[in-house]
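Chain and residue survey
So you can see what is in the structure, the chains are spelled out below.
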Amino acid sequence: MNKILISIFGLSALAIQLNAQNAVVSGRVIDQTSNEPLPFANVVVKGTKTGATTDFDGEFTIAGINPGFVTLEATYVGYKNAVSDEIQLTNAKTEYVIISMENAGIALQEVEVKANPFVRTEESPLSLQKIGVSEIETSPGSNRDISRVIQSLPGVGSGVSFRNDIIIRGGGPSEAVFYLDGVQIPTINHFATQGSSGGAIGILNADFISAVDFYSGAFPANRSNALSGVFEFTQKEGNKEKTRFRGTVGASELSLTLDGPAGEKSNYIFSVRRSYLQFLFDVIGLPFLPTFNDYQFKWKTRFDKHNELTIVSIGALDQFKLNTGIKNPTEEQEYILTYLPVNEQWSYAIGAVYKHYKQKSFQTLVLSRNMLNNISYKYPENDESRARILDYKSQETENKIRYENNIRWGDYKFVYSVGGTYAKYFNRTNQQIFVGNELTTLDYETNLDLLMAGGSAQISRNFFNDRLTLSAGLRTDFNNYSSTMSNPIDQLSPRFSASYVLSDQWAVTANTGRYYQLPAYTTLGFRNNAGDLVNKDNELKYIGANHFIGGLQFIPREDVFFSLEGFYKQYNQYPFSVNDSISLANKGADYGVLGNEEVRSTSKGRAYGFEFLNRSKLPSGLNLIFSYTFVRSEFEDFNQKLIPSSWDFRHIIALTASQNFSRNWIAGIKWRFDGGLPFTPYDLEKSALISAWDAQGRPYFDFARLNQLRLEPYHQLDLRVDKRYFFDRWSLMVYLDIQNVYNFKAKLQDDVVREKDANGNFITVDNDTKYVLRGIENTSGTVLPSIGIMVEF
């Protein structure tokens, strides 16, 4: 570590004379609806006087810029001022940026229409946050993992520190959807929990991402299947001058990214990554050895100013084995090895987005396909000479088509969409389960074909010189699974948003809407041993949620934003587990599979609270995000009584701050506080039964006492220091990241192990029908330093 730090300071001295203002950015300014170029628009580097004017084709070039993170601002007579996504400039290559401007709907005259620096839309005037590239690249404790960066946003809770679950405003971890350049992708994590959103580490490569739009409510009508969150990931485009390379050594993986031109009208960006976690975990003696691999690809072709095509693809290969070769394992290691199954996954998504622009509208056609292959198996006591107690194989395949038309007519905006999906689901399950007081084997195979369709329409209008904005939308979704899902009237999903500007600094906002989500394929395709689709027979329905949100926004200056939002969510028709007698809303934050069981669409719940947010990007170089969320989350138990759900955080505090210093140094901190989550105690009588324990290798929860206990609050401080060197032909970026600086130990629910005698044999009682069980302390958290190195040329 000392040698590395000395080398960094040595390079600093060498680079002082080389870090001249040699960075260049070029781009194009266009009308956001027609894609027509805007000649003679003024473009400046925000916060400076450095800029340029566009030519007849809307093109511009700005030279002599300091390398680093910058934002461009465009002004044009009769249009609202527009700011670009944040970009990272180096001396070694020219970045290309497209700035879309919205017609202000006024006569051509010298009128300046100020841009809101914190992005809002007519459809979503509240509950919308944007993450820029600097926040992605330099977020402390995240190690450039998009899934962890997201956890800094208001209303977002997280489970245990070793998972990337996304829990929004008290909803379950399966309630969000993800779009990559307009293509819906099923998951953003490696070793994903099938039927949920969480996993071990993010799939998305930070080298690709230019911005993230996060909706925690007020969802646009053209985005379906979300109950708590929508994420829109915008990817960078390839370099238009020549091929460039970036190599990265991160905290857990090696990656290579290349981008460049492909003829005069096309460009591409491509990356591959491979982890080295298996070597690190083996050295430090962890009981599991994961390896992940992934790729990401984008191709963009602009045929002319009216037509363009984007092709994107992402894929992952996740391999896993148990570290059974540990000598003299601890009780904790032995416990994990006893219950943890082997899990192997591969997945991919590929999609094409075609856009056609007209004078007052543009049309989008999206074709995509995604697939997940999930295998999980377990031998009792990891003895491969015995029959497996779990043998699971599943495949999910979706083929999608979506058409959207976005029309702008004066002060009106109208968007409508239609789409369809052909899905195939396969599952082969052979698993020992202990239900009630009886050991049985769940043994079935399912092949399910599903046809789905949906459509939406949304109209928005500005009044009183843009002081009042109203938006109303309607969508519906339906499928051929059963009569309870085939009627589009049953899934009508209306929504309404309003915002009113009280003054130059104050605005009030509101939204209400009803949203639906299809239950997981694991639930749709579940069969009993007789081969019956029991959930279809149980009249399984779409899950519903009603949202009511109100907000107040205060912008004292263009780089400082405050907001206060209250929210109330009503859930209904949530799947309720027949075997466990709990709502599936309480599940999903563990590895494995969610929803592979018999359920009924009878569960109800609610989540409510408020959020306070401050975002500041000051000229001094200080970037700040501070949020406090109070949230209560409750779902009905088997007595139809509302009790705290597994995501009842109560209090969530997140503070992320970074400071830019001279000579391209950046220092940042992130502090996070999560209120202690409820948990369910174990049923030790049932768990002690040898037949019960051997079926899953771990204790059983006592769901009659669902969430009656609560963990202590969790908090953690992360630090990060970045140093960037910008030479004429190449760049070097290094960072030191320290997670959990003050070594906080989170006290989790105790593990339970079987007692052994002096000879190492398990002690049994009651005529060898029961084990003797004992709890052991279970904590999580340690100081975790890491270094990252990125070389670009």
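The rules behind each value
- Residues numbered from 1 in each chain as written.
- Predicted model: local features only at pLDDT ≥ 70, side-chain atom pairs only at ≥ 80, totals over all residues.
- Heavy atoms only, no water.
- Helix = DSSP H or I, 4+ residues; strand = E, 2+ residues; numbered from the N terminus.
- Rg over C-alpha atoms; globule rule 2.2 N^0.38 Å.
- Buried < 20%, exposed > 50% of the residue type's maximum accessible area, 1.4 Å probe, protein only.
- Contact = heavy atoms within 4.5 Å.
- Areas by Shrake-Rupley, 256 points an atom, 1.4 Å probe, with all protein chains shown as cover.
- Lys, Arg positive; Asp, Glu negative; His and termini not counted.
- Charge placed at Lys NZ, Arg CZ, Asp CG, Glu CD.
- Salt bridge = Lys/Arg side-chain N within 4 Å of Asp/Glu carboxyl O.
- Polar contact = N/O pair within 3.5 Å; in protein donor to acceptor, adjacent residues only side chain to side chain.
- Pairing = 2+ DSSP bridges.
- Axes fitted to C-alpha atoms, helices over the stretch in contact; angles between N-to-C directions.
- Arc of directions from axis to C-beta.
- Phe/Tyr/Trp six-rings, centres within 6.5 Å; stacked < 30°, edge-to-face > 60°.
- Core = buried A, V, L, I, M, F, W, Y, C linked by side-chain atoms within 4.5 Å.
- pLDDT = per-residue confidence, 0-100.

1. Observations concerning the overall build of the protein chain
Per the secondary structure count, the protein chain includes nine helices and 49 strands. Taken against the 2.2 N^0.38 rule, which gives 28 Å for 793 residues, the C-alpha radius of gyration of the protein chain at 27 Å falls within 12% of a compact globule. Once the C-alpha set of the protein chain is aligned to its principal axes, its extents read approximately 90 × 65 × 45 Å. Put simply, the protein chain has 793 residues, and 57% of those count as buried. Sequence-distant contacts, at least 24 apart, represent 67% of the contacts inside the protein chain between residues at least 6 apart. Carbon and sulfur atoms provide 56% of the accessible area of the protein chain, an area that totals close to 32300 Å². Side-chain charges of the protein chain comprise 78 positive and 86 negative groups, with the mean position of each set lying 4 Å from the other.

2. Details of the pattern of salt bridges
Considering all chains together, one arrives at 56 salt bridges under this definition. For Asp181, the salt bridge is made with Lys298, and the minimal N-O distance between the two is 3.2 Å. Of this pair, Asp181 sits in the loop between strand E13 (176-180) and strand E14 (183-185) while Lys298 sits in strand E22 (residues 288-304); the two residues are 117 residues apart in sequence, bridging distant segments of the chain. We classify Lys298 as buried; its relative accessible area is 5%.

3. Observations concerning the side chain of Asn267
In this fold, Asn267 is placed in strand E21 (residues 266-275). Its relative accessible area of 3% is what places Asn267 among the buried residues. Here Gly238 takes part through its backbone nitrogen, which lies 2.8 Å from a polar atom of the side chain of Asn267.

4. As for helix H5 (residues 331-339)
Of all the residues in H5, the buried ones are Gln333, Tyr335, Ile336, Leu337 and Thr338. At its buried positions, H5 is contacted by E22, strand E23 (307-322), strand E25 (361-378), helix H9 (690-696) and strand E44 (751-754).

5. Regarding the sheet that holds E14
With respect to topology, five strands assemble into an open sheet ordered E10-E17-E18-E13-E14, the strand pairing being mixed. At either margin of the open sheet sits one strand with a lone partner, and together these are strand E10 (128-132) and E14. When the angles between neighbouring strand axes are averaged without regard to direction, this sheet yields 25°. Examined bridge by bridge, E13 and strand E18 (residues 229-235) share five bridges and lie parallel to one another. Of the residues in E18, the one forming a bridge with Tyr179 is Glu232.

6. Comments concerning helix H4 (residues 277-284)
For H4, the full list of buried residues reads Leu277, Gln278 and Phe281. End-on, the buried residues of H4 take up no more than an arc of 95°, which puts them together on one face. For H4, the exposed residues set more than 90 degrees away from the buried face come down to Phe279 and Val283. Following H4 by one or two positions, Gly285 has its phi on the positive side, about 80°.

7. A look at the packing of aromatic side chains
One pass over the full model with this rule turns up 38 aromatic pairs. Summarising the aromatic geometry, the rings of Phe434 and Tyr700 are spaced 6.3 Å apart at their centres and angled 55° between planes, so their arrangement reads as tilted. Highlighted residues: Phe434 in strand E27 (residues 412-435) and Tyr700 in the loop between H9 and strand E40 (709-710), separated in sequence by 266 residues. Each member of the pair, Phe434 as well as Tyr700, is classed as buried. Grouping aromatic residues by their ring pairs yields a cluster made of Trp506, Phe554, Phe562, Phe612 and Phe626.

8. A look at the sheet that holds strand E1 (residues 23-31)
Taken in spatial order, the three strands of this open sheet run E4-E1-E9, and their pairing is mixed. In the strand order of this sheet, the two ends are held by strand E4 (59-65) and strand E9 (95-101), each with one partner. Taken over all neighbouring pairs, the strand axes of this sheet differ in orientation by 25° on average, direction set aside. Bridge count for E1 against E4 is five bridges, and the pairing is antiparallel. Within E4, the position partnered with Ala23 by the bridge is Ile65.

9. Here we look at the environment of Pro67
Take Pro67: it is sitting in the loop between E4 and strand E5 (68-70). In sequence terms Pro67 and Leu89 are 22 residues apart; their C-alpha atoms lie 5.0 Å from each other.

10. Concerning the environment of Asp383
Take Asp383: it is sitting in the loop between E25 and strand E26 (390-409). Residue classification places Asp383 among the partly exposed residues on the basis of a relative accessible area of 30%.

11. What about the nonpolar core?
Counting residues in each nonpolar core, the largest one holds 27 residues, and the members touching the most others are Ile146, Ile150, Phe231 and Phe233. Of all the secondary-structure elements, those providing two or more residues to this core are helix H3 (146-149), E13, strand E17 (209-215), E18 and E23. The contact partners of Phe233, leaving out residues within four places of it in the chain, are Ile146, Ile150, Phe178, Tyr179, Leu180, Asp181, Ile188, Leu204, Ile209, Ala211 and Val212.

12. Digging into the confidence of the model for the protein chain
With 95% of its residues at a pLDDT of 70 or more, the protein chain shows a mean pLDDT of 91. Note on residues 1-19: pLDDT is under 50 here. Beyond four places in sequence and across chains, it has 25 contacts. Ignoring residues within four places in sequence, the model shows residues 107-118, a span with pLDDT below 50, making 22 contacts including any to other chains.

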